[in-house]
Amino acid sequence: VQLQASGGGLVQAGGSLRLSCAASGIVFSINHMAWFRQTPGKQRTLVAAITNGGYTRYSDSVKGRFTISRDNAKSTVYLQMNGLKPEDTAVYYCNAAHFTGGNLEHYWGQGTQVTVSS
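One structure accompanies this document, and this report is about it. These figures come from a predicted structure and were not determined experimentally.

What counts, and where the lines are drawn
Residues numbered from 1 in each chain as written. Predicted model: local features only at pLDDT ≥ 70, side-chain atom pairs only at ≥ 80, totals over all residues. Heavy atoms only, no water. Salt bridge = Lys/Arg side-chain N within 4 Å of Asp/Glu carboxyl O. Helix = DSSP H or I, 4+ residues; strand = E, 2+ residues; numbered from the N terminus. Buried < 20%, exposed > 50% of the residue type's maximum accessible area, 1.4 Å probe, protein only. Core = buried A, V, L, I, M, F, W, Y, C linked by side-chain atoms within 4.5 Å. Contact = heavy atoms within 4.5 Å. 1 Å grid on protein atoms, 1.4 Å probe; cavity = no way out; pocket = protein on both sides within 12 Å on 5 of 7 lines; lining within 4 Å. Points joined across faces, edges and corners; volume = space filled by probe spheres on them. Nonpolar A, V, L, I, M, F, W, Y, C, P; charged D, E, K, R; others polar. Pairing = 2+ DSSP bridges. Axes fitted to C-alpha atoms, helices over the stretch in contact; angles between N-to-C directions. Polar contact = N/O pair within 3.5 Å; in protein donor to acceptor, adjacent residues only side chain to side chain.

Counted by the stated rule, this structure contains three salt bridges. For the salt bridge of Arg37 with Asp88, the shortest nitrogen-to-oxygen distance reads 2.9 Å. Note that Arg37 is positioned in strand β4 (residues 32–38) and Asp88 in the loop between β8 (76–81) and β9 (90–100), a separation of 51 residues in sequence. You'll find Arg37 and Asp88 in the same group, each marked buried.

What follows concerns the nonpolar core. Membership of the largest hydrophobic core comes to 28 residues, with the highest contact counts inside it found for Trp35, Leu79, Met81 and Tyr92. If we ignore the near neighbours within four places in the chain, the residues touching Leu79 are Leu17, Arg18, Leu19, Trp35, Val47, Ala48, Phe66, Thr67, Ile68 and Tyr92.

The next subject is the layout of surface pockets. The space that makes up the largest pocket amounts to roughly 160 Å³. Surrounding the largest pocket, 13 residues form its lining, His32, Met33, Ala34, Ala49 and Ala97 being those nearest its centre. The set of elements that each furnish at least two residues to the lining of the largest pocket consists of β4, β5 (45–50) and β9. A class-by-class count of the residues in the lining of the largest pocket yields nine nonpolar, three polar and one charged.

Right, let's talk about the sheet that holds β8 for a bit. The four strands lie next to each other as β1-β3-β8-β7, forming an open sheet whose pairing is antiparallel. Two strands bound the open sheet, and with one partner strand each, they are β1 (2–6) and β7 (66–71). Taken over all neighbouring pairs, the strand axes of this sheet differ in orientation by 15° on average, direction set aside.

Overall, the relative accessible area of 0% leaves Asp88 in the buried class. Here the side chain of Asp88 touches Arg65 through a polar contact of 2.8 Å, side chain to side chain.

Our next topic: the environment of Lys85. Looking at where Lys85 falls in the secondary structure, it is placed in the loop between β8 and β9. Remark: the alpha-carbon pair of Lys85 and Asp71, spanning 14 residues in sequence, is separated by 27 Å. If we skip the residues at most four places from it in the chain, Lys85 touches Arg65 and Val116.

With that out of the way, let us pick up the environment of Asn95. Note on placement: Asn95 falls in strand β9. The buried category is assigned to Asn95, whose relative accessible area is 7%. For Asn95 and Trp35, which are 60 residues apart along the polypeptide, the C-alpha to C-alpha distance reads 6.2 Å. Residues in contact with Asn95, not counting those within four places in the same chain, are Leu3, His32, Met33, Ala34, Phe36, His106, Tyr107 and Trp108.

Keep in mind these values describe shape, not function.
This is how it looks when you write it as structure tokens:
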């Protein structure tokens, strides 16, 4: 299983980035996908999630600025980030999860750094 995240970088406040996470080794369409982020010394927190049926949810801090989407044909999940703020600076990780026989199976990507300068 591999989740390959890309699209991070350095951007000025107010700018935009689009993160991508390409999955392989899993049946992408059955997985719920999510983006988390983490800063040094803090726990990883949920940014946005999209179910296998396309329902989405967002953390309050990014609602209205970020959009999560998925392309099952490309086994890829995206995170469009607009109106970036310095507090969005973090390593962003994608996650894939599904239930099998009542057990949760989930996988993490390697992370991509997003840095927003003021």
